[in-house]
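So the chains spell out like this:
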Amino acid sequence: MFHAGDKVLIVSCDDDPRAVGKTGRIVDEVPPGPLTQGRWTVNGISIWIAPVLCRASELRVIN
């Protein structure tokens, strides 16, 4: 389970493969639901990459 503001490493991303290997922060304050198909919103990846939606299995929390 992730929390808003958690810094994560994107290990894979079906939404935008350019995000793989980059870090970002979780935006969602509550667990994702059916609207995003259970995917978490990750922002702050890069100036060239918009926020992406990733499954929990595609993310790793980093401290």
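Keep in mind that this is a model prediction, so the values were computed, not measured. (Residues numbered from 1 in each chain as written. Predicted model: local features only at pLDDT ≥ 70, side-chain atom pairs only at ≥ 80, totals over all residues. Heavy atoms only, no water.)

Peer 1: What is the right way to look at the side chain of Arg39 in this model?
Peer 2: Relative to the helices and strands, Arg39 resides in the loop between strand 2 (23-26) and strand 3 (40-43). Buried within the structure, Arg39 lacks any salt-bridge partner; Asp15 is the closest side chain of opposite charge, at an N-O distance of 4.6 Å. At 3.0 Å, the side chain of Arg39 and the backbone oxygen of Thr36 are in polar contact. Discounting residues that sit within four places of it in the chain, Arg39 has contacts with Asp28, Pro32, Leu53, Cys54 and Arg55. (Helix = DSSP H or I, 4+ residues; strand = E, 2+ residues; numbered from the N terminus. Buried < 20%, exposed > 50% of the residue type's maximum accessible area, 1.4 Å probe, protein only. Lys, Arg positive; Asp, Glu negative; His and termini not counted. Salt bridge = Lys/Arg side-chain N within 4 Å of Asp/Glu carboxyl O. Polar contact = N/O pair within 3.5 Å; in protein donor to acceptor, adjacent residues only side chain to side chain. Contact = heavy atoms within 4.5 Å.)

Peer 1: Help me understand the pattern of salt bridges in this model?
Peer 2: Pairing between side chains of opposite charge can happen when their charged atoms approach one another. Counted according to the given criterion, the structure contains three salt bridges. The closest approach of N and O atoms between Arg55 and Asp14, which form a salt bridge, is 3.0 Å. Of this pair, Arg55 sits in the loop between strand 4 (52-54) and strand 5 (59-61) while Asp14 sits in the loop between strand 1 (7-10) and strand 2; the two residues are 41 residues apart in sequence, bridging distant segments of the chain. Residue classification places Arg55 among the partly exposed residues on the basis of a relative accessible area of 36%. Using a relative accessible area of 60% as the deciding quantity, one classes Asp14 as exposed. One salt bridge connects Asp16 with Arg18, and the closest N-O pair in it is separated by 2.8 Å. The class for Asp16 is buried, based on a relative accessible area of 13%.

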